[in-house]
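Working through the structure, step by step
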Amino acid sequence: MAEKARAPKALMIVAVVAGIAVAAAVVYDFWRALTVNPENPWAEFTLSRVFFGYRDLMFAVGAIVWALGTAVFVLELAGRTVSRRGLVRNRMGIAEWSVIDVALAALSAAVYGGLLAATAPIVFVPGFTWLRPANSLAPLFGMFFGIPGCLGVAIGNLIADIVGGFFGIGSVGGFIGNFLIAYLPYKFVRDHSFSSASSIGEFYVWGVLAQAFVSATYICWWLDVAETLVGLPLFVVWGIIAPIIFSNNIVVNAVLSPVLGRILFPLIKGRGLYWKDRIKTA
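Residues numbered from 1 in each chain as written. Predicted model: local features only at pLDDT ≥ 70, side-chain atom pairs only at ≥ 80, totals over all residues. Heavy atoms only, no water.

1. As for the environment of Arg49
- Within the secondary structure layout, Arg49 lies in helix α2 (residues 46–53).
- Between the alpha carbons of Arg49 and Gly239 there is a distance of 6.7 Å; along the sequence they are 190 residues apart.
- Setting aside residues no more than four positions away along its own chain, Arg49 makes contact with Ala43, Glu44 and Tyr54.
- In terms of polar contacts, Arg49 uses its side chain to reach the side chain of Glu44, at 3.2 Å. (Helix = DSSP H or I, 4+ residues; strand = E, 2+ residues; numbered from the N terminus. Contact = heavy atoms within 4.5 Å. Polar contact = N/O pair within 3.5 Å; in protein donor to acceptor, adjacent residues only side chain to side chain.)

Right, here's the structure in full:
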């Protein structure tokens, strides 16, 4: 029994180490690329070479991610979720929201959108993306508030696009892409407290590694498909924007989210706002 208990714990430790290692590697590699080619670091950045070099594969994967992600978005807001028993009620569809659910969605949107807009002047690709440390809050809103938090994150990103001058056809992909950043850890991390090895380990799998890849491919697939409307060259989409989304979400979520989550979870739960407690009460 002791050996069986140690095995999952070891796997969780591996997940944490892997997440931190990937974040550190991304930072180091971009610093190296910037040193080698300060005028165009994207030509040297390994993630740019991977995303753009395998653009056809990324496009195919992105199409699958986009189809599944969009279907999940519609189903969850309609009050249905996929489980081992098939399609079941999630008890958090918009039609079943209480006043508290609406308030939590609005709170998530206001805080997330406001903090994103605060760093909007630090632009990477004009009209499309910027420095976003506030992304570290996105998975927490989903894990703590459930579907209202996930939708709040999506709305908050749209608010930041409008306020920061980034609103456009690409905002469609960003809306659901940010929903998925919050949704993946909400759905697949079983313990949202950040107080155990399994909780932190699962977060690094779903809230750091998986969400970074899913959000990058979802948003950039949309930008690729809408190329004639957006007007961005494919290298900018897959060689710059995709690595920026992936890098930002990996680094800030690996470093900031677990710390913020450990501090905020007891406060959220103590005030009766944690989504699992609210569903039980209802």
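2. Focus on the confidence of the model for the protein
- Looking at the protein as a whole, its pLDDT mean stands at 90, while 93% of the residues score no less than 70.
- Overall, residues 1–5 carries pLDDT values under 50, and its contacts beyond four positions in sequence, including any with other chains, amount to zero contacts. (pLDDT = per-residue confidence, 0-100.)

3. A closer look at the packing of aromatic side chains
- Under the criterion given, the structure shown has 22 aromatic pairs.
- Seen in terms of ring centroids, Phe188 and Trp206 are 4.3 Å apart; in terms of plane orientation they differ by 25°. Their pairing is stacked. A residue pair is termed long-range when its members are at least 10 positions apart, and Phe188 in helix α7 (residues 170–188) and Trp206 in helix α8 (residues 197–225) qualify at 18 residues.
- Taking the relative accessible area as the measure of exposure, Phe188 reaches 37% and is therefore partly exposed.
- Summarising the aromatic geometry, the rings of Phe265 and Tyr274 are spaced 5.1 Å apart at their centres and angled 80° between planes, so their arrangement reads as edge-to-face. (Phe/Tyr/Trp six-rings, centres within 6.5 Å; stacked < 30°, edge-to-face > 60°. Buried < 20%, exposed > 50% of the residue type's maximum accessible area, 1.4 Å probe, protein only.)

4. Brief notes about the pattern of salt bridges
- Inspection of every chain in the model, using the stated rule, returns eight salt bridges.
- In this structure, Arg32 engages Asp29 in a salt bridge whose closest nitrogen and oxygen atoms are separated by 2.9 Å. Residue Arg32 and its partner Asp29 are located together in helix α1 (residues 2–36), separated by three residues, close to a single helical turn.
- Relative accessible area serves as the criterion here: at 25%, Arg32 is assigned to the partly exposed category.
- Using a relative accessible area of 13% as the deciding quantity, one classes Asp29 as buried.
- A salt bridge links Lys269 to Asp277; its shortest N-O distance comes to 2.8 Å. (Salt bridge = Lys/Arg side-chain N within 4 Å of Asp/Glu carboxyl O.)

5. Quick look at a nonpolar patch on the surface
- Where nonpolar side chains cluster on the molecular surface, the patch consists of Ile155, Ile159, Ile162, Val163 and Phe167 and spans about 460 Å² of accessible area.
- Along the chain, Phe167 falls in the loop between α6 (147–164) and α7.
- Given the relative accessible area of 54%, Phe167 is considered exposed. (Patch = residues over 30% accessible without salt bridge, like charges linked within 9 Å, V, L, I, M, F, W, Y side chains within 5 Å. Areas by Shrake-Rupley, 256 points an atom, 1.4 Å probe, with all protein chains shown as cover.)

6. Comments concerning the pairing of strand β1 (residues 80–83)
- Pairing between β1 and strand β2 (residues 86–89): four bridges, direction antiparallel. If you follow Arg80 over to β2, its bridge partner there is Arg89.
- Linkage of β1 to β2, two consecutive antiparallel strands, is achieved through a turn of two residues. (Pairing = 2+ DSSP bridges.)

7. Details of unusual backbone geometry
- Phi angles above zero are rare outside glycine, and Arg91 is one such case at about 60°.
- Here Arg91 shows up in the loop between β2 and α4 (99–118).
- In the Ramachandran plot, Phe194 falls in the positive-phi region, its phi being about 60° despite a non-glycine side chain.
- Summarising the element assignment, Phe194 is placed in the loop between α7 and α8.
- With a relative accessible area of 3%, Phe194 lands in the buried category.

8. Describing the packing of α4 against α6
- Remark: α4 packs on α6, axes separated minimally by 7 Å, with the N-to-C direction vectors making an angle of 35°. Taken as a pair, α4 and α6 cross one another with a handedness that is right-handed. Packed against α4, whose contacting residues are Asp101, Ala105, Ser108, Ala109, Tyr112, Gly113, Leu116 and Ala117, the element α6 presents Pro148, Gly149, Gly152, Val153, Ile155, Gly156, Asn157, Ile159, Ala160 and Val163 at the interface.
- Class assignment for the residues of the contact of α4 with α6 results in 11 nonpolar, six polar and one charged. (Axes fitted to C-alpha atoms, helices over the stretch in contact; angles between N-to-C directions. Left-handed = near helix turned anticlockwise from the far one by under 90°. Nonpolar A, V, L, I, M, F, W, Y, C, P; charged D, E, K, R; others polar.)

9. A word on the packing of helix α5 (residues 138–145) against helix α11 (residues 257–270)
- In contact at an axis separation of 10 Å, α5 and α11 are set at 30° when each is read in the N-to-C sense. As judged from the angle between their axes, α5 and α11 are roughly parallel. Our pair here, α5 against α11, has a crossing hand that is right-handed. Of the residues in α11, those in contact with Pro139, Leu140, Phe144 and Phe145 of α5 are Ser257, Leu260, Gly261, Leu264, Phe265 and Ile268.
- When its residues are assigned to classes, the contact of α5 with α11 shows eight nonpolar, two polar and no charged. (Parallel < 35°, antiparallel > 145°, perpendicular 65-115°, else oblique.)

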